[in-house]
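# Observations on chain architecture
If you want the building blocks of each chain, they are given just below.
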Amino acid sequence: MSNIGSYEKRVKNFNWSISEKELGYKEGDDLNIGWYCSDRICQMGKANKPALIWEGLGGKKNSYTFNDVRLATNTISLFLKKIGVKNEDRVCLFLDKIPELYLGFIGILKIGAIAQPLFSAFGDESLHVRLENAETTVIITQRKHVAKVRKIKDKIPNLKHVIIVDHDGKKPLREGEMIFSLKEETPVEELEIFPTKAESPSVLHYTSGTTGQPKGVKHVHYSLIGQYLTAKWVLDLKDNDIYWCTADPGWVTGTSYGIIGPWSLGVTQCVLDTGFSAEAWYKFIEKQKVTVWYSAPTAIRSLMKAGDEVIKKHDLSSLRHLASVGEPLNSEAVIWSKKVFGKHFLDTYWQTETGAIMLTNFPGMKVKPGSMGKPFPGITAEVLDPKSFEPVEEPGKIGLIAFKPGWPSMMRTYWNNEDTYKAKFANDWYLSGDRASIDKEGYYWFVGRDDDVINTGGHLVSPFEVESALLEHEAVAESAVVAKPDEVNMEVVKAFVVIKPGFEPSEELELKIMNFIRKKLSPLAMPQETEYVDSLPKTRSGKIMRRLLHAKEWGEEIGDTSTLEDEE
Ligand code: WTA
């Protein structure tokens, strides 16, 4: 029997107080996600249960019980407190998927500070704009990423401390840098947890938009109410599960369901920090006896590509429930997973902004491969007409995915960017920025994004950010960046470039440009193809018509360009 039981019954009788009651929370109480994910689980008698089973490169291993998590996070909290971190200060986690990332996240929350996790493959420019916007005061990182921090530190006056978690003390430290090693510290038994309330800020995740710099999505501790119940009812997490979320906590899936969801339920989770390989992944599942697996379409398509033979070499019979998020999950992948794992990958849809799963296929519900499923109980979802912002009545008609605000894990604002936040609403609906249709049975079908953001392998890349970085290259006069179709990643970054006089369009220059972007932004943002052009299509007012270039890449009808000319 699944945790959700009957979807229809749950929808009928739904109230978020179900989650509050299970968590023992009443309105007005203190509410701290850090405490819920560690101390409370210990108090419930699970102190010695494994919380984190970790495997890294070169066969490195580590595991932590819930009591270990409680102590380690207390230790991190106290250290931060001692160096002057106050509640609501932004503390950035710039780490690979090492245990300190998971423990640091909880440690930051316990003292009421705001955790700002950033993808460790980000280059110095990506890091810079996000730390600057958040006015981050502390960054926790590893030796291998320190060079990137050093490059930008002087440009961020608020950044007081750079904490390095794996420094051997041999190479000299620069001003503001300090070493923190969990192994060297005496575990802190008692910690005064900061009395955060429901609306106290908890996490700041940066996401990419079409225009402007990345936006800091502000979440609050009350998000737990949504993350706990969705993890329970959608991921179907149970006490004896071994759960594996393949997402990196630099992105929202890795925190909402790679830390908060499982740990608030007292569920054991495992982490593999070795990058992708089909063989390594199946080995990991077999060895850890993973029961619930939450992954992403690009990974699933890569597994498909690796073939079925490698699957037969492993005993994957422990798997009982599979789910996916981040980008469209094509029906072939859903059908394939049933064939090879005996279970469908169930598609779930949500965003950094929504904080928790919004539309989903539930365990036990009829699977329609290619559909995102139905709204989570308590979520009022619709597909709206893009002009009137009224619900589209006809089944199958395409419109904008929208949600009635008021669910617990909804973002509270974009950091220092209230205007952009406000622009996300119309007619009392939160506009997701995605397009879909709803069929007669109430299933949602994803159509595409309503903006130019590129979703490459489940990671959002802003064309604006890539274009701005391209302009900093000495050879680039003008640029336009769009998504190009890709078999595995669905979309990859393609750049159209007008080069400056004196530079030759060559393969060598293309490689140089690629490398420039990879270092500055990230490997995800790196153009997989650069096309040299003499000029870029523009509106009369000089705005680049990305949509025209996009249509060409996807072999779509360009349509009436005169209307595009007038668009702003
Ligand atoms: C896309 C990730 C199709 C969508 C949790 C959304 C999806 C954006 C799906 C959010 C899905 C997410 N099917 N598209 N099941 N899930 N998306 O903020 O465009 O990194 O708006 O959050 O990914 O990406 P974000």
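Here we summarise the structure given alongside this text. (Residues numbered from 1 in each chain as written. Predicted model: local features only at pLDDT ≥ 70, side-chain atom pairs only at ≥ 80, totals over all residues. Heavy atoms only, no water.)

## Details of the site of the ligand
Lining the immediate surroundings of the ligand are 18 residues, of which D347, T348, Q351, T352 and D434 lie closest. Contact distances for the ligand include 3.3 Å between a nitrogen atom and a backbone N or O atom of E327. Interatomic distance of 3.2 Å between a side-chain N/O atom of R449 and an oxygen atom of the ligand. Within the complex, the protein chains bury 97% of what would otherwise be the 540 Å² of accessible surface of the ligand. A per-element tally of the shell around the ligand places strand 14 (residues 345-349) first, with three residues. Here the shell around the ligand is built from residues that sort into eight nonpolar, six polar and four charged. (Near = heavy atom within 4 Å. Polar contact = N/O pair within 3.5 Å; in protein donor to acceptor, adjacent residues only side chain to side chain. Areas by Shrake-Rupley, 256 points an atom, 1.4 Å probe, with all protein chains shown as cover. Helix = DSSP H or I, 4+ residues; strand = E, 2+ residues; numbered from the N terminus. Nonpolar A, V, L, I, M, F, W, Y, C, P; charged D, E, K, R; others polar.)

## Looking at the pattern of salt bridges
The final tally for this structure, using the stated rule, is 34 salt bridges. For D168, the salt bridge goes to R143, with nearest N and O atoms at 3.5 Å. Of this pair, D168 sits in the loop between strand 6 (161-164) and strand 7 (177-179) while R143 is found in helix 8 (residues 143-153), placing the two residues 25 residues apart along the sequence. Salt bridges linked by common partners bring K484, K494, E529, E531 and E553 together as one network. (Salt bridge = Lys/Arg side-chain N within 4 Å of Asp/Glu carboxyl O.)

## With respect to the packing of helix 6 (residues 99-110) against helix 10 (residues 252-264)
Contact geometry for helix 6 and helix 10: axes closest at 11 Å, N-to-C directions at 70°. Comparing their axes, helix 10 and helix 6 come out roughly perpendicular. Where helix 6 crosses over helix 10, the handedness of that crossing is right-handed. Residues Y102, F105 and I106 of helix 6 form the contact with helix 10, whose own contacting residues are T255, G258, I259, I260 and W263. A per-class count over the contact of helix 6 with helix 10 returns six nonpolar, two polar and no charged. (Axes fitted to C-alpha atoms, helices over the stretch in contact; angles between N-to-C directions. Parallel < 35°, antiparallel > 145°, perpendicular 65-115°, else oblique. Left-handed = near helix turned anticlockwise from the far one by under 90°. Contact = heavy atoms within 4.5 Å.)

## Points about helix 9 (residues 223-233)
Most of helix 9 is tucked away, with 11 of its 11 residues classed as buried. S223, L224, I225, G226, Q227, Y228, L229, T230, A231, K232 and W233 are the residues of helix 9 that are buried. The inward-facing, buried residues of helix 9 abut helix 1 (7-12), helix 2 (17-22), helix 3 (33-37), strand 9 (215-220) and helix 10. (Buried < 20%, exposed > 50% of the residue type's maximum accessible area, 1.4 Å probe, protein only.)

## Things to note about the nonpolar core
By size, the foremost hydrophobic cluster in this structure holds 97 residues, and its most contacted members are I140, W263, Y294 and F403. Ranked by the residues each element gives to this core, the list is headed by helix 6, at seven residues. Listed in part, the 40 residues of the second largest apolar core include F119, L131, I164 and V493. (Core = buried A, V, L, I, M, F, W, Y, C linked by side-chain atoms within 4.5 Å.)

## Let's talk about the sheet that holds strand 25 (residues 476-486)
By definition, the strands of a sheet pair up through backbone hydrogen bonds, in either a parallel or an antiparallel sense. The strand order across the open sheet formed by three strands is 25-26-27, and the pairing between neighbours is mixed. With one partner strand each, in any of the chains shown, strand 25 and strand 27 (529-532) form the two edges of the open sheet. The sheet shows a mean angle of 25° between the axes of neighbouring strands, taken without regard to direction. Bridging between strand 25 and strand 26 (residues 490-499) involves 10 bridges; their strand directions are antiparallel. Among the inter-strand pairings, A480 is bridged to a residue of strand 26, identified as F496. Here helix 18 (residues 546-553) sits on the sheet and contacts strand 25, strand 26 and strand 27; the angle it forms with strand 25, its principal contact strand, is near 40°. (Pairing = 2+ DSSP bridges.)

## Observations regarding the packing of helix 16 (residues 463-471) against helix 17 (residues 507-520)
For the pair helix 16 and helix 17, the least separation of the axes is 10 Å and the interaxial angle reads 120°. In terms of orientation, helix 16 lies oblique with respect to helix 17. Every pair of crossing elements has a handedness; the one defined by helix 16 and helix 17 is right-handed. Here helix 16 contributes V466, A469 and L470 to the contact with helix 17, which in turn contributes I513, F516, I517 and K520. Of the residues belonging to the contact of helix 16 with helix 17, the class tally is six nonpolar, no polar and one charged.

## Some remarks on the packing of aromatic side chains
Within the structure shown, the criterion is met by 32 aromatic pairs. With a centroid separation of 6.1 Å and an interplanar angle of 35°, the aromatic rings of F362 and F376 are classed as tilted. Placement of F362 in the loop between strand 15 (359-360) and strand 16 (374-375) and of F376 in the loop between strand 16 and strand 17 (381-384) is noted, with a sequence separation of 14 residues between them. Ring centres of F403 and W407 lie 5.9 Å apart, and the angle between their planes is 70°; on these two criteria the pair is classed as edge-to-face. Across this residue pair, the class does not change: F403 and W407 are buried. (Phe/Tyr/Trp six-rings, centres within 6.5 Å; stacked < 30°, edge-to-face > 60°.)

## Details of the environment of L346
Topologically, L346 is positioned in strand 14. Taking the C-alpha atoms as reference, L346 lies 9.1 Å from Y294; in sequence the two are 52 residues apart. Residue contacts for L346: discarding those within four places in its chain leaves H321, L322, A323, S324, N361, F362, P363 and V367.

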